[in-house]
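Structural overview for review
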Amino acid sequence: MLPTQLIAELKSTLGAANVLTDKEDMITYSFDATAGMPSKNPDLVVCPNSTEDVVAIVKLANKYNIPIYPRGSGTNLSGGTIPIEGGIVLSMLNMNQILEVDQDNLVAVVQPGVVIQSLNNEVLKYGLIYPPDPGTVTTATMGGSTMECSGGLRGLKYGVTKHYIMGMQLVLASGEVIKWGGKTVKNVSGYDLTALFTGSEGTLGIVTEILVKLIPTPEARQSFLAVFDDVDKAGRCISAIIRNKIIPATLEIMDNMTIRTVEEYAKIGLPTDAEAVLLIEVDGYRESVAREAEQVLKVCREEGASDVQAAKDDAARDKLWAARRAALPALARVSPTTVLEDATVPRSRIPEMLKAIRQIALKYDLKIGTFGHAGDGNLHPTILTDKHNAAEMHRVEQAVNEIFTVAISLGGTLSGEHGIGMAKAGFLNMEFGPAGVDVLRRLKEALDPDYRLNPGKIVRRD
Ligand SMILES: Cc1cc2nc3c(=O)[nH]c(=O)nc-3n(C[C@H](O)[C@H](O)[C@H](O)COP(=O)(O)OP(=O)(O)OC[C@H]3O[C@@H](n4cnc5c(N)ncnc54)[C@H](O)[C@@H]3O)c2cc1C
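Note that this is a predicted model, so its numbers are computed, not measured.

1. A look at the sheet that holds strand β3 (residues 68-71)
- Overall, mixed pairing links the 4 strands, which are arranged β1-β2-β4-β3 in an open sheet. Each end of this open sheet is capped by a strand with a single partner; those strands are β1 (19-20) and β3.
- Pairing of strand β2 (residues 44-46) with strand β4 (residues 88-91) involves 3 bridges; the strand directions are parallel. Along β4, the bridge assignment pairs Val-46 with Leu-90.
- Against the sheet, helix α1 (residues 4-14) contacts β1, β2 and β4, and its axis sits at roughly 15 degrees relative to β2.

2. What about the nonpolar core?
- In this structure, Leu-278, Ile-280, Cys-300 and Met-353 are the most contacted members of the largest nonpolar core, which totals 59 residues.
- With 8 residues, the top contributor of residues to this core is helix α14 (residues 390-409).
- Setting aside anything within four residues of it in sequence, one finds Ile-280 in contact with Gln-222, Ser-223, Phe-224, Ala-226, Ile-241, Pro-248, Thr-250, Leu-251, Val-296, Cys-300 and Trp-321.
- Ranked by size, the runner-up nonpolar core spans 28 residues in total, among them Ile-116, Val-123, Leu-172 and Ile-215.

3. Thoughts on the pattern of salt bridges
- Inspection of every chain in the model, using the stated rule, returns 25 salt bridges.
- Among the ionic pairs, Arg-154 bridges to Asp-133, the shortest N-O distance being 3.8 Å. Remark: Asp-133 occurs in the loop between β7 (128-129) and α5 (142-148) and Arg-154 occurs in the loop between α5 and α6 (155-158); sequence separation between them is 21 residues.
- In this structure, the salt-bridge partner of Arg-358 is Asp-232, at a minimum N-O distance of 3.4 Å. Remark: Asp-232 occurs in helix α8 (residues 231-243) and Arg-358 occurs in helix α13 (residues 350-363); sequence separation between them is 126 residues.
- Of the residues examined, Arg-358 reaches a relative accessible area of 34% and is grouped as partly exposed.

4. Some words on the sheet that holds strand β6 (residues 107-110)
- Judged by pairing direction, the sheet is antiparallel, and its 5 strands sit side by side in the order β5-β6-β10-β8-β9 without closing on themselves. Looking at which strands have only one partner, the edges of the open sheet turn out to be β5 (98-102) and β9 (177-181). Each strand of the sheet is rotated relative to its neighbour by a mean of 10 degrees, with strand direction disregarded.
- Two strands pair when backbone bridges link them, and strand β8 (residues 165-171) and β9 are joined in this way by 5 bridges, in the antiparallel orientation. Of the residues in β9, the one forming a bridge with Gln-169 is Lys-179.

5. So, the domain arrangement of the protein chain
- Here the domain parsing of the protein chain yields domain 1 (4-91), domain 2 (98-216), domain 3 (220-328), domain 4 (331-409) and domain 5 (434-462).
- Between the C-alpha centres of domain 3 and domain 4 the distance comes to 22 Å.
- Facing 19 residues of domain 3, the contacting portion of domain 4 comprises 25 residues.
- Taken together, the two surfaces of domain 3 and domain 4 that pack against each other cover about 1800 Å², and 63% of this comes from carbon and sulfur.

6. Things to note about the site of the ligand
- Taken together, 36 residues lie near the ligand, and Pro-70, Thr-75, Thr-136, Thr-141 and Ser-150 sit nearest.
- A distance of 2.6 Å separates an oxygen atom of the ligand from a polar atom in the backbone of Pro-70.
- The fraction of the free accessible surface of the ligand (990 Å²) that becomes covered by protein chains is 94%.
- Ranked by the residues each element gives to the shell around the ligand, the list is headed by α5, at 5 residues.
- Here the shell around the ligand is composed, by residue class, of 11 nonpolar, 21 polar and 4 charged.
- Built from parts of two domains, the shell around the ligand gets at least three residues from each of domain 1 (4-91) and domain 2 (98-216).

Here is what the cut-offs are and how they apply
Residues numbered from 1 in each chain as written. Predicted model: local features only at pLDDT ≥ 70, side-chain atom pairs only at ≥ 80, totals over all residues. Heavy atoms only, no water. Pairing = 2+ DSSP bridges. Helix = DSSP H or I, 4+ residues; strand = E, 2+ residues; numbered from the N terminus. Contact = heavy atoms within 4.5 Å. Axes fitted to C-alpha atoms, helices over the stretch in contact; angles between N-to-C directions. Core = buried A, V, L, I, M, F, W, Y, C linked by side-chain atoms within 4.5 Å. Buried < 20%, exposed > 50% of the residue type's maximum accessible area, 1.4 Å probe, protein only. Salt bridge = Lys/Arg side-chain N within 4 Å of Asp/Glu carboxyl O. Domains from an automatic or database assignment. Buried area = accessible area lost by both parts, 1.4 Å probe. Near = heavy atom within 4 Å. Polar contact = N/O pair within 3.5 Å; in protein donor to acceptor, adjacent residues only side chain to side chain. Areas by Shrake-Rupley, 256 points an atom, 1.4 Å probe, with all protein chains shown as cover. Nonpolar A, V, L, I, M, F, W, Y, C, P; charged D, E, K, R; others polar.

In structure tokens form, the structure reads like this:
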């Protein structure tokens, strides 16, 4: 229970409508998109409208010694917004203004509650795009994706969120406001704070303004569906495309289980007997797209694709990408619990990783559908299970552990884009070793010594 005095002070600062206390509201904010995580009701949800509101909330939380959990749309997949120690959820959705689109400098300034697609709809009017596009582009916020350093379907050619952040305004755990970065292409003043805070998952500060880079909309694009009767061939084709110096905007894979499940869900004509498909899109100037498209066709055929279909028009293209975006929702319908992993390897090791995932599924007798941003080496092995089946959940834990171990042994990482949150905090030692984890801890404690901001995520208190 929070002190009634704190609730009264918050209501008088923010207005009663921006302070939620109903039980039903608390349940809504007790979980996020991550399966298999414990849920926990917050004591209170507050909805700031300005940086000044956020400062006031942080100062009150300090005064009453209460934790704060920043939250965008709650679509993260690492338990990043669960208020695990109780306290205050800070919903950033009211701060949803696009403050500036600067066509001369190709930048935009946004508040954290802006939905990624809304920014893209706005900048498209000027022939620009903001490339990071997680599967949740129509719901996820700029604040959440910045703090998660989201990737997405265009990562191979265009990079991920951190490549587009040029500056930020943040409220620290002390209540101080800091701002850095700007519209200059070059900026090496001091330590690289943008790199430190992007992907910090709300554990080091609360972002209240973000300055992002925009790029011109590609003139043309061409999508393909390449069909394989063997997953290894598909894996080798990914490496061959890159080796041939073609950098598609998007290079995605779906295995047979994912193909069948998506087809059953979305009925879009995918080849359900294929062992794997690659979804490929090249974009850029019309002439280069034509050339790259020819090369993609050639490489796919050389690498043993049984069929390669080029999307004839925008409708066919949209259908292909809708299929890919349906992968997780479709798999999630198969069983009560969906454990989605995000182990990532250098793309040359994709065939080995795909093989290891198949072996792990057999070893632990689990259903694992694999899809993902294969061109980035970022696979999403998705375990279809039931959290009420204790014996199976134990095998899931062992399988997850083994997936991470293999990924790291292949030179990869625990997370390509979904972050650490609560879900992977216990595995960090595997990647960083004790000294590395201690560096993370010292950074956390330098900026947030009381673990006020998003406790239990990335670095756990001893
Ligand atoms: C179906 C599905 C598909 C997905 N596809 C992808 C994908 O392709 N690529 C990818 O990278 N991710 C993907 N995700 C994960 C998720 O959508 C992204 O991480 C997304 O960017 C999170 O945005 P959000 O607004 O929901 O953030 P939230 O989940 O609300 O928050 C994410 C993190 O940011 C922190 N946070 C939020 N706002 C602030 C703030 N203002 N200041 C400080 N910290 C803050 C939170 O505390 C939390 O740690 C997918 C998720 C689902 C469910």
